[in-house]
Structures are given as structure tokens and as C-alpha cells.
Amino acid sequence: MDSKQLDMLKEIMEICFCLTDINLYLDTHPNDDRAVALHNTFSKKYKELTNMYSMKYGPLTNYDLSKYPWEYTKSPWPWEIEY
Amino acid sequence: MWIYEKKLQYPVRVDTCNPTLAAMILEQFGGPDGELSAGIRYLTQRWAMPTDQAKGILTDIGTEELAHWEIIGTIVWKLIKNVPIKDIEGTPLEAHYVNHGKSPFPHDASGYAWTATFIQSKDDPIANLHEDMASEQKARATYEYLINICDDPGVKDALRFLREREIVHFQRFGETLDIVQECLNSKKYY
């Protein structure tokens, strides 16, 4: 994995972590409107970035669009990457 | 249902080859207070939860625990994948090696296999949430012991991240307990 792809993947991981942490907070604080807004900001950013990433480097999930031949199994698995 | 995403929750950097450390880290792969126990415990307790917030927090923390389990497996794999067999001989990983080779396996640091007796689930949300809070504290303590014996800077960094998540989860389970208690107290039938 070249450094440009790794940088983008790490950015996706970072935003995904923000989403996870705010998700847990919102489960017990559903009426915090600032936290919902923050969640939505990260959610939009996450969708944009993952779309860009999968167009360029192949799908991150088995639900994404794939070119021929099947791309999902082609990219390195998470435990094989040197971060 | 679940969807797999081809990425770790946290980038795991491992700087050394260290079969002994790998054997100790397996504590959190298949030990009583490890990530597998946590994930199966929370995901199993969801059905008997009385409020939507409690069902949500158990689903979401349970799912995060499976991501942590993947991080632990990755640390173990990266610590041993390039170790020559002769360097495993005489280390605490040797007994693991003769059964599993270099594959991670869910047992604790002393080799005791994962079992469902490590967890509990009752049709009693108060009992369950107290177990969950205790399990987060026990996992936090285990991570501190692991950090104390760890001399690989990359692994230490990942262990610190996982330790912090135990504290956040403990906080969320405490809030969930308050919500559930309030719900149960308001349900009075005469």
C-alpha cells in the first residue's frame, strides 16, 4: 500500500473513530443537539471520503460497487498493513 | 446483522518480534476480561434490555469490542509472524505454538481456552449492567498490567488506546444504568 493510499485510509479510520465515540455518547444523550450536529458533520465527511477511497483503491466493504474482477478480496487485509 | 469494513479501528504499529509479549497479549484475545468475552457478553445481553438506549449501547459497545478483538489479534500476529521457530522455543508461547502454530487462538495468557462461563446474561438488566461496568474496570486493570510489562513502543501505544476505551465504556454503562433504573422505577402498577 503506497503512502498516499495509507494516508487516506488513516483519515477514514480517524473519522470512523469520531463517529463511533459520538455514537456511544448519543445513545445515552439523545437530546444533545450539538452532538447530533457533530455526528452529522462526520457522517457526511465519512461518506464522501469512503466513496472517494473506494473509487480509487477498491471497496472497503462487500456491499460497495466493484469493478471486474471482484475487487473486495484484492486489497490488503487490515492486519497486513504497515501503519 | 453486521457489515465488515476492511480496516482496523486503530492503526496497529508493532516495532519488535516478541513471542513472550504475544503470549501475554493473548490474555485480551481469549481471557475472561478480554475483548471476545466483552463482545459476546454485551451482544448476548441485548434481548432482555427494557429501554431503547440500553439496547443501543449494548449493540454499539458490543460491536466495538469485536473491532478491539481484531486489534488484539493483529498485535499478536505482527509480534510473531516473522519470528524463527527456534526463537519461540523456551518462551511462554511454545505451548501455544505446538497446538496452533503462529495462529492466534482465544485462550488466556496461561493457555486456558475461552469459555462462555467467563460471561453472564440474565433477564435482569440491573444485574447485567453491573457486570458490564465491572468487566470494563477489570479490562482496564488488565491493560495496565500489560502496559507495565510491554517494552514495544508501538504495542504500548495501541494498548493505551484500548485502555482508554474501557474507561469510556464504563462511563456509558453507568449512564445506561441510571436510565434503566429510572425506567424501572417509573413502571408502578396498582
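Analysis parameters
- Residues numbered from 1 in each chain as written.
- Chains lettered and ligands numbered in written order.
- Predicted model: local features only at pLDDT ≥ 70, side-chain atom pairs only at ≥ 80, totals over all residues.
- Helix = DSSP H or I, 4+ residues; strand = E, 2+ residues; numbered from the N terminus.
- Buried ≥ 20, exposed ≤ 12 C-beta atoms within 10 Å, placed from the backbone.
- Contact = placed C-beta atoms within 7 Å.
- UniProt positions renumbered as here; feature names shortened; annotations may be inferred.
- Core = buried A, V, L, I, M, F, W, Y, C linked by C-beta atoms within 7 Å.
- Nonpolar A, V, L, I, M, F, W, Y, C, P; charged D, E, K, R; others polar.
- Expected span 1.5 Å × (residues − 1).
- pLDDT = per-residue confidence, 0-100.

Quick notes on the overall build of chain A
Looking only at helices and strands, chain A has two helices and zero strands in total. Scored against the burial criterion, the 83 residues of chain A give a buried share of 14%. Across chain A, contacts joining residues at least 24 apart in sequence account for 40% of those joining residues at least 6 apart.

Quick look at the UniProt feature "domain: Protein CotJB" (unreviewed entry) in chain A
With numbering aligned to this structure, UniProt lists the feature "domain: Protein CotJB" (unreviewed entry) at residues 7-80 of chain A. Helix makes up 64% of residues 7-80 of chain A and strand 0%. Its end C-alpha atoms lie 16 Å apart.

Focus: the nonpolar core
Most often, soluble globular proteins keep nonpolar side chains buried together rather than apart. Residues and elements named next belong to chain B. Counting 40 residues, the largest nonpolar core has Ala22, Ile25, Ile71, Ile75, Val76 and Ala158 as its most contacted members. Of all the elements in the fold, those that place two or more residues in this core are helix H1 (19-25), helix H3 (35-45), helix H4 (52-80), helix H6 (125-149) and helix H7 (153-186). The element best represented in this core is H4, accounting for 12 residues. Filtering out sequence-adjacent residues up to four positions away, Ala158 remains in contact with Tyr10, Val12, Ile71 and Ile75.

Some points on the interface of chain A and chain B
Contacts between the two partners involve 20 residues from chain A, matched on the other side by 25 residues from chain B. Among the residues forming the side of chain A that touches chain B, the class breakdown is 11 nonpolar, six polar and three charged.

What to know about helix H1 (residues 3-28) of chain A
The end-to-end C-alpha distance of H1(A), which contains 26 residues, comes to 38 Å, matching closely the 38 Å that a straight helix rising 1.5 Å per residue would cover. Considered for burial, the residues of H1(A) that qualify are A:Leu9, A:Ile12, A:Cys16, A:Ile22, A:Leu24, A:Asp27 and A:Thr28. On the buried face of H1(A), the contacting elements are helix H2 (33-57) of chain A together with H4 and H7 of chain B.

A few points about the confidence of the model for chain B
On average, residues of chain B score 97 in pLDDT, and 98% of them reach the 70 mark or higher. The complex prediction reports pTM at 0.97, with the ipTM value standing at 0.97.

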